[in-house]
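Structure assessment
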Amino acid sequence: MNKVKFFNSAVADNVLTMTIYDTIGADFFSEGITAKTVSEAITNAGKFSSITLRINSPGGSAFDGTSIFNVLRASGKTIDVIVDGMAASAASIICMSGDTITMAQGSVMMIHEAAGFCCGNAAAMAKMSDTLGIVSGSIADIYASRTGTPKKEILEMMAVETWMDPKQALKANFCTAVSKEKAIANSFDLTAFKNAPAGVIVTEATPILAEVTEPVAAVVVEDVLIPIRSEEHTSELQSLTNL
């Protein structure tokens, strides 16, 4: 099974190629691809005229996904996105930065609502619900702008965790072309997703556990756990809406 997970960037023939083969956003062990990773790659690349972004990722942090999208669009360069295997969750947000979005044969793209949990009273949980609604709405705006699909329809697709093969994504304007290249095999644990296609599910999952003592609340946006201390709860939740 393919276990290759990495980020790489290199300039050749005046094109900056970045390869995103990992989760989006840093986890508890500081692994994963962040907006800082992409921003530094662009800054340190020197002269180039366009960006090619190759993606195979199960997603992760919606905030890093959105930030990476904004960093790429702010570069002012032509961006060609290639989905080599999977662009799920936050990785699909990054795909929307492409002037062109090409999916390999057998690749998949997935969009869904922001998810989270909260330990607290009714007011805290109501606030969490409001926050997740705002986050999902902001993500839907990006999809709607890129595809031309009404936001209401995008939100309906997100609500049921929609997986698309290349032909479906092309029809829905989530990609612009389908290549003849074959997709690379999936090596990511997709058990957190309810509708993952049987053909891409990895069963050899190794859960990552982390001890959290002080925080009494947490938000999980897509797949990333963000602990929140009780006294910081209101301000932290407010900051999460500033996408």
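Preceding this section is the structure that the text describes.
Structure report, in brief. Predicted model only: the values in this text are computed from it and were never measured.

Let us look at the overall build of the protein chain. Tallying secondary structure elements over the protein chain gives seven helices and 10 strands in all. Considering the protein chain as a whole, with its 243 residues, one finds that 46% of them fall into the buried category. Working note: accessible area of the protein chain is about 11,800 Å², and carbon and sulfur atoms make up 52% of it.

Within helix α1 (residues 35-44), the full set of buried residues consists of A35, V38, A41 and I42. Taken end-on, α1 shows its buried residues confined to a sector of 135°, consistent with a single buried face. Away from its buried face, by an angle of more than 90 degrees, α1 presents the exposed residues K36, T43 and N44. Packed against the buried residues of α1 are β1 (6-12), β2 (15-21), β3 (50-57) and α2 (62-74). Backbone geometry just downstream of α1 places G46 in the positive-phi region, at approximately 80°.

Below, the discussion takes up the packing of helix α4 (residues 122-147) against helix α5 (residues 151-159). As a packed pair, α4 and α5 sit with axes 9 Å apart at the nearest point and diverge in direction by 120°. Judged by the angle between their axes, α4 and α5 are oblique. Where α4 crosses over α5, the two elements pack in a sense that is right-handed. Taken together, the residues of α5 that come into contact with α4 (itself represented by S136, G137, I139, A140, D141, Y143, A144 and T147) are K151, I154, L155 and M158.

Right, let's talk about the state of the cysteines for a bit. Scanning the entire structure with this criterion turns up zero disulfides. In this model C118 remains outside any disulfide bridge; the closest cysteine sulfur is found in C119, 6.6 Å from its own.

At a minimum axis separation of 8 Å, α1 and α2 run at an interaxial angle of 20°. It follows that α1 is roughly parallel to α2 by the angle criterion. Between α1 and α2 lies a crossing whose hand is right-handed. Here A35, V38, S39 and I42 of α1 come into contact with α2, specifically with D64, S67, I68, V71 and L72.

Before going further, it helps to spend a moment on α4. Taking 1.5 Å of rise per residue, 26 residues should cover 38 Å, and α4 covers 37 Å from first to last C-alpha, within 8% of that figure. N-capping of α4 is provided by N121, with a side-chain oxygen placed 3.2 Å from the backbone N of A123. Phi turns positive one or two residues past the end of α4, at G148, with a value near 80°.

With that settled, the discussion passes to the pattern of salt bridges. Within the structure shown, the criterion is met by five salt bridges. Through salt bridges that share partners, R54, D84 and E181 make up one connected network.

On to the pairing of strand β5 (residues 100-105), then. Bridge analysis of strand β4 (residues 78-88) against β5 gives four bridges, and the strand direction is parallel. Across the sheet, the residue bridging to V83 is M103, located in β5. In this structure, β5 lies alongside strand β8 (residues 177-182), joined through three bridges in parallel fashion. If you follow T102 over to β8, its bridge partner there is A177.

Cut-off values and rules
- Position numbers for residues count from 1 along each chain, tracking the sequence in the order it is written.
- Restriction of local features to residues with pLDDT of at least 70 applies here, the model being predicted, together with a cutoff of 80 or more for giving and counting side-chain atom pairs; totals for whole chains, interfaces and linings are based on all residues.
- Side-chain metrics in this entry use all non-hydrogen atoms of the structure; hydrogen atoms and water are not considered.
- Only DSSP runs of H or I reaching four residues or more are called helices, and only runs of E reaching two or more are called strands; each is numbered from the N terminus.
- Each residue is placed in one exposure class: buried if its accessible area under a 1.4 Å probe, protein chains only, is under 20% of its type's maximum, exposed if it is over 50%, and partly exposed if it falls in between.
- Only the protein chains shown count as cover for residues, and all accessible areas are computed by the Shrake-Rupley method using a 1.4 Å probe.
- Arc definition: it is the arc formed by the directions from the helix axis to the C-beta atoms.
- We call two residues contacting when some pair of their heavy atoms lies within 4.5 Å.
- In this description, a line fitted to the C-alpha atoms serves as the axis of each element, helices being fitted only across the stretch in contact, and the angle between N-to-C directions of two axes falls anywhere from 0 to 180 degrees.
- Should an angle fall under 35 degrees it is taken as roughly parallel, and over 145 as roughly antiparallel, whereas 65 to 115 is taken as roughly perpendicular and any remaining angle as oblique.
- Two helices that cross are described as forming a left-handed crossing if the nearer one is turned anticlockwise from the farther one by less than a right angle, and a right-handed crossing if clockwise.
- Note on disulfides: each one is a pair of cysteine sulfur atoms within 2.5 Å.
- The length a helix should cover is 1.5 Å for every residue beyond the first.
- Two N or O atoms count as a polar contact when they lie within 3.5 Å, although within protein this holds only if one can serve as hydrogen donor and the other as acceptor, and sequence-adjacent residues are included solely when both atoms are side-chain atoms.
- A pair is scored as a salt bridge if a Lys or Arg side-chain nitrogen falls within 4 Å of a carboxyl oxygen belonging to Asp or Glu.
- Only strands joined by at least two bridges in the DSSP assignment are considered to pair.

It is worth stressing that arrangement in space is one thing and function is another; only the former is reported here.
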